[in-house]
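Overview (structure and organization)
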Amino acid sequence: AVEYQRGRARAVAHFDAGFFGCRIEILHEAGAAARDFDRQAAEKFPLAGVVLVSTPQSLAVIDVVKSIDCFAKLKIPILGLIQNMSYLEEAGEKKFIFGRDGANKLAEKMGIKFLGEVPLHMDIRALSDAGTPVVAKEPQGPHAKLFANIATAVKTRLEGGVVRQGPKIVIE
């Protein structure tokens, strides 16, 4: 792994034989400092594209708009947008505690591919906190299928020529 850190923001490049063979993650907090960090990290790690994640509420969507502008200036393609904590399901009924469809509507308005939504669910939270992906614990479960569908959509976008040329990575 290669790591680049500036203040509380951090970029980590992971090399593995996983779903895409190589992945580059940018981990940071939202806000102006993060956007400045995105610019600096993009110079060190030429990204083939980014996936943005937002919760449905309007304040989170506003932050994503700023990230979209930032990545547009950097000429980094946006592979798509995921809505996290979309709803809470109780007794078979979906409750939209953070609002409804904020990220989906933004994706439509901005012409960005909407990759899917992830519910607010105790199993996802507990497994994530334990460092276990839900797809590893319950590969045939409904939540694993949501993540698999999102991963497939990202893979399709990467293979479809939507992205710019990524970095050439040589492991010795």
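Here, the structure is the one placed above.
Every value quoted in this text rests on a predicted model; they were computed, and no experiment measured them.

1. Concerning the overall build of the chain
- Along its length, the chain carries 6 helices and 8 strands.
- Sequence-ordered secondary structure for the chain, helices as α and strands as β, is β-β-β-α-β-α-β-β-β-α-β-α-α-α.
- Looking at the chain residue by residue over its 172 residues, the buried ones come to 33%.
- Long-range contacts, defined here as pairs at least 24 residues apart, represent 62% of the contacts in the chain between residues at least 6 apart.

2. Some words on the sheet that holds strand β8 (residues 114-118)
- With parallel pairing, 3 strands are arranged side by side in an open sheet as β4-β5-β8. The open sheet has two edge strands, β4 (50-54) and β8, and neither has a second partner. In this sheet, neighbouring strand axes are inclined to one another by 20 degrees on average, regardless of whether the strands run parallel or antiparallel.
- Here β4 runs beside strand β5 (residues 78-84); their pairing, made up of 5 bridges, is parallel. From the neighbouring strand, Val53 faces β5, where its bridge partner is Ile82.
- Along the sheet, helix α2 (residues 58-73) contacts β4 and β5; its crossing angle with β4, the most-contacted strand, is approximately 165 degrees.
- Sitting on the sheet, helix α6 (residues 142-159) is in contact with β4, β5 and β8, with an inclination near 165 degrees to β8.

3. Here's the deal with the pairing of β5
- The buried fraction of β5 is high, at 6 of 7 residues.
- Note: β5 against β8, 4 bridges, orientation parallel. Each bridged residue has a counterpart across the sheet, and for Asn84 the counterpart in β8 is Val118.

4. A look at the nonpolar core
- Val50, Leu52, Ile68, Ile78 and Leu81 are the most contacted members of the largest nonpolar core, which has 14 residues in total.
- Within the residue set of this core, elements represented by two or more residues are β4, α2, β5 and α3 (102-110).
- The dominant element in this core, judged by the number of residues it contributes, is α2, at 4 residues.
- With near-sequence residues (within four places) excluded, Leu52 lies in contact with Val64, Ser67, Ile68, Phe71, Ile78, Gly80, Leu81 and Ile82.
- If you look at the next biggest cluster of nonpolar residues, it comprises 8 residues, including Leu79, Ile82, Val118 and Ile150.

5. Observations concerning the pattern of salt bridges
- Summed over all chains, the structure comprises 3 salt bridges.
- Of the charged contacts in the structure, one is a salt bridge between Lys95 and Glu90, with a shortest N-O distance of 3.0 Å.
- Overall, the relative accessible area of 32% leaves Lys95 in the partly exposed class.
- Its relative accessible area of 39% is what places Glu90 among the partly exposed residues.

6. Considering α2
- In this model, α2 (16 residues) spans 23 Å end to end at C-alpha, consistent with the 22 Å of a helix rising 1.5 Å per residue.
- Inspection of α2 places Ala60, Val61, Val64, Ser67, Ile68, Cys70 and Phe71 among the buried residues, and these make up the whole buried set. For α2, the buried positions fall inside an angular range of 165 degrees around the axis, keeping them on one side. Among the exposed residues of α2, those oriented more than 90 degrees off its buried face are Ser58, Leu59, Ala72 and Lys73.

7. What to know about the packing of aromatic side chains
- Taken as a whole and judged by the stated rule, the model has 1 aromatic pair.
- Pairing Tyr87 with Phe96 gives two aromatic rings, centres 6.2 Å apart and planes at 65 degrees, and the pair type is edge-to-face.
- The exposure class of Tyr87 is buried, given its relative accessible area of 9%.
- Lying across the ring of Tyr87, Lys94 places its NZ or CZ 4.4 Å from the centre.

Basis of the calculations
Residues numbered from 1 in each chain as written. Predicted model: local features only at pLDDT ≥ 70, side-chain atom pairs only at ≥ 80, totals over all residues. Heavy atoms only, no water. Helix = DSSP H or I, 4+ residues; strand = E, 2+ residues; numbered from the N terminus. Buried < 20%, exposed > 50% of the residue type's maximum accessible area, 1.4 Å probe, protein only. Contact = heavy atoms within 4.5 Å. Pairing = 2+ DSSP bridges. Axes fitted to C-alpha atoms, helices over the stretch in contact; angles between N-to-C directions. Core = buried A, V, L, I, M, F, W, Y, C linked by side-chain atoms within 4.5 Å. Salt bridge = Lys/Arg side-chain N within 4 Å of Asp/Glu carboxyl O. Expected span 1.5 Å × (residues − 1). Arc of directions from axis to C-beta. Phe/Tyr/Trp six-rings, centres within 6.5 Å; stacked < 30°, edge-to-face > 60°. Lys NZ or Arg CZ within 6 Å of the ring centre and 35° of its normal.

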